[in-house]
Amino acid sequence: MRGRSDGGQKKRMITSVCVVGGFLVFLYVYFGSHSQGESALEYGSRSLRKLGSSYLGGDEDADLGGKQEESTTKFGLEDGEDGIIPKSFPVCDDRHSELIPCLDRNLIYQMRLKLDLALMEHYERHCPPAERRFNCLIPPPSGYKIPIKWPSSRDTVWKANIPHTHLAHEKSDQNWMVVKGEKIVFPGGGTHFHYGADKYIASLADMLNFSNSNLNNGGKLRTVLDVGCGVASFGAYLLSSDIIAMSLAPNDVHQNQIQFALERGIPAYLGVLGTKRLPYPSRSFELAHCSRCRIDWLQRDGILLLELDRVLRPGGYFAYSSPEAYAQDEEDLRIWREMSALVERMCWKIAAKKNQTVIWVKPLSNDCYLEREPGTQPPLCRADDDPDAVWGVSMEPCITTYSDHDHRTGGSGLAPWPRRLTAPPPRLADFGYSNDMFEKDTELWRRRVESYWNLLSPKIASDSLRNIMDMKANMGSFGAALKEKDVWVMNVVPEDGPNTLKLVYDRGLIGTVHSWCEAFSTYPRTYDLLHAWTVFSEIEKKGCSAEDLLLEMDRLLRPTGFIIIRDRKPVIEFVKKYLQALHWEAVATADDSSDSDQDGDDLVLVIQKKLWLTTDSVRESE
């Protein structure tokens, strides 16, 4: 049309169309940047806000999504060969300040996934495909403050950091949490321990006749799985007894239970007993605990109890506090009778029963299983079933028996805590590792962690760090080296390698299996320090996006938190290019000359995440 001159009418028509079009574009940009409509929730949509100002477009960021999708994860390229490195990432809409990409109900609705709600499938992991991922930074909520330090955080957190008071009202008679001005206070109560988790824990120890009312039983009871943990006060009060609990709860109607737990500095993980195995190896926990966890243990031929049985050690306990254990109405009595019959067929025995609680104990050997009548249900698992295969593996309604070695020894063979931390685990032989290899690995990481702390020392105080994640834990020696620090470590083992996580648990530490090609099952801003040893090199081999991993690490990390990357030089140089875009700051870089016998060409990069806020946030200091 522009090349023709066939009359004023057409010119006027073109002018009118342009004016109307321009007006519509103005309305879209203006209202789109402020809208709270449903479209902002769509996966893959671009945020319209940059740090500190409205984002209205421009050459710098207009094609950011395309640039990210086209950028390579090959770290050996020279500058200029790997595409354009963004100077900034867009910031997600403020309503995504608590986004958990693989546990997001909005994704389930949008993708119209056909899930069985009765089996809790909607609380299991469902990750967005690449085209539906957010390529933006998760903003802190309005008024966000640097978290209160441990141990004060056990009892008090900032309300602005987790602005959800639903539980304070719903559980007001149970002392879960209380709102006091700008803070939320946790008195230590629970549905079945109104007068405090500490008294309840002592009562469990007394039921089992453990000395001094101490549940750790002289170091023999160290790792605990707390199912349906609420705000994790049970796990919080176990810590003073040298017991560490994996507090587990879904992202359900009881708002942000796990987020509260992690904000308090208590080990916790988002998960559910649904259709998939829990991401823990067999024989990981000395005690499983359910206090009014509202789980139907009889469903599907007792498959959920059988999953607990899989992760319990020989001689492990299941403490069950629920009306079925004491109530006398017809329905509760029916459930109690059926549950008692089921666990008897599973060869569990009642170790103690008092008031509202029953504690069952798992057998030490296969003797009881072999003595059952033929055809007894539930059946024993097939010989080819790997009880340690957990990532995306469906639960099986069968009993996991012990190996011939464990059957003969009649127990786990673990040293009491804390000696088990450095004693070679009995299951080393499963990987062909020798005691000498284990001891050298322990010493190597002791030296490395000492070096890390020297690099961090100008930036941290004794209480700066609490929640730490080792993104590739191997045998857990990084976490073991931190024993004298007032921290806990989430040890992560890759899903496609040797499942050394059972060595981690045998050392009295905790962790999970995970694939770093996907988002982790936790809320944003839940870790103070991430340790990434060759994690980037590993995902490069898998063909996954290094940029996605950087954004995920930013999501996990608390503002002012730290990242330690130990990897090849090209990886370190690659990450450095993104520091500005991620609002990270390099604290220190060091070579690995002290480790000439192993990974001698690695570099160490220490990074700190800056505290940044959007225009809708209010900056306040502690």
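Residues numbered from 1 in each chain as written. Predicted model: local features only at pLDDT ≥ 70, side-chain atom pairs only at ≥ 80, totals over all residues. Heavy atoms only, no water.

As named in an unreviewed UniProt entry, the chain is Methyltransferase, taken from Rhododendron griersonianum. According to its UniProt record, the chain has this under Sequence similarities (unreviewed entry): "Belongs to the methyltransferase superfamily." (UniProt positions renumbered as here; feature names shortened; annotations may be inferred.)

A. Region of interest: the overall build of the chain. Of the regular secondary structure elements, the chain holds 18 helices and 19 strands. Looking at the 622 residues of the chain, the share that counts as buried comes to 55%. Sequence-distant contacts, at least 24 apart, represent 71% of the contacts inside the chain between residues at least 6 apart. Accessible area of the chain: about 27,000 Å², with a carbon and sulfur share of 50%. (Helix = DSSP H or I, 4+ residues; strand = E, 2+ residues; numbered from the N terminus. Buried < 20%, exposed > 50% of the residue type's maximum accessible area, 1.4 Å probe, protein only. Contact = heavy atoms within 4.5 Å. Areas by Shrake-Rupley, 256 points an atom, 1.4 Å probe, with all protein chains shown as cover.)

B. Fine view of the pattern of salt bridges. Counted under the stated rule, the structure contains 31 salt bridges. Among the salt bridges present, the one from D93 reaches R95, with a minimum N-O distance of 3.0 Å. Overall, the relative accessible area of 14% leaves D93 in the buried class. On the basis of relative accessible area, R95 is assigned to the partly exposed category, the value being 35%. Residues D385 and R277 are paired through a salt bridge, measuring 3.0 Å at the closest nitrogen-oxygen approach. Of this pair, D385 sits in the loop between helix 10 (367-371) and helix 11 (404-409) while R277 sits in the loop between strand 8 (268-270) and strand 9 (285-291); the two residues are 108 residues apart in sequence, bridging distant segments of the chain. (Salt bridge = Lys/Arg side-chain N within 4 Å of Asp/Glu carboxyl O.)

C. Highlighting the sheet that holds strand 4 (residues 178-180). The strand order across the open sheet built from three strands is 3-5-4, with neighbouring strands paired in antiparallel fashion. In this open sheet, the two edge strands, each paired with only one partner strand, are strand 3 (156-158) and strand 4. Each strand of the sheet is rotated relative to its neighbour by a mean of 30 degrees, with strand direction disregarded. Pairing of strand 4 with strand 5 (residues 183-185), which is carried by three bridges, proceeds in the antiparallel orientation. Looking at the pairing, K180 lines up with K183 of strand 5. (Pairing = 2+ DSSP bridges. Axes fitted to C-alpha atoms, helices over the stretch in contact; angles between N-to-C directions.)

D. View of the side chain of T534. If you trace the backbone, T534 turns up in the loop between strand 16 (527-533) and helix 15 (535-542). Residues contacting T534, with those up to four places away along its chain left out, are K472, R566, D567 and D602.

E. Representation of helix 16 (residues 546-556) within the structure. Within helix 16, ten of the eleven residues are buried, which leaves the element mostly enclosed by the surrounding structure. The set of residues buried in helix 16 consists of A546, E547, L549, L550, L551, E552, M553, D554, R555 and L556. Measuring from the side-chain oxygen of the N-cap residue of helix 16 to the backbone nitrogen of E547 gives 3.3 Å; that N-cap residue is S545. (Polar contact = N/O pair within 3.5 Å; in protein donor to acceptor, adjacent residues only side chain to side chain.)

F. Structural view of the nonpolar core. Core analysis: the biggest nonpolar cluster contains 125 residues, and L215, W297 and F318 have the highest contact counts within it. Once you skip the residues sitting within four places of it in the chain, L215 turns out to touch I201, L204, A205, L208, F210, L221, L238, I243 and L287. Judged by nonpolar contacts, the second largest core, of 19 residues, contains W453, I468, V487 and F562. (Core = buried A, V, L, I, M, F, W, Y, C linked by side-chain atoms within 4.5 Å.)

G. Quick peek at the packing of helix 8 (residues 299-311) against helix 9 (residues 330-345). Contact geometry of helix 8 with helix 9 gives a least axis separation of 11 Å together with a crossing angle of 60 degrees. Between helix 8 and helix 9, the angle is such that the two are oblique. Relative to helix 9, helix 8 is oriented so that their crossing is right-handed. Packed against helix 8, whose contacting residues are D301, G302 and L305, the element helix 9 presents M339, L342 and V343 at the interface. Of the residues contributing to the contact of helix 8 with helix 9, the split by class is four nonpolar, one polar and one charged. (Parallel < 35°, antiparallel > 145°, perpendicular 65-115°, else oblique. Left-handed = near helix turned anticlockwise from the far one by under 90°. Nonpolar A, V, L, I, M, F, W, Y, C, P; charged D, E, K, R; others polar.)

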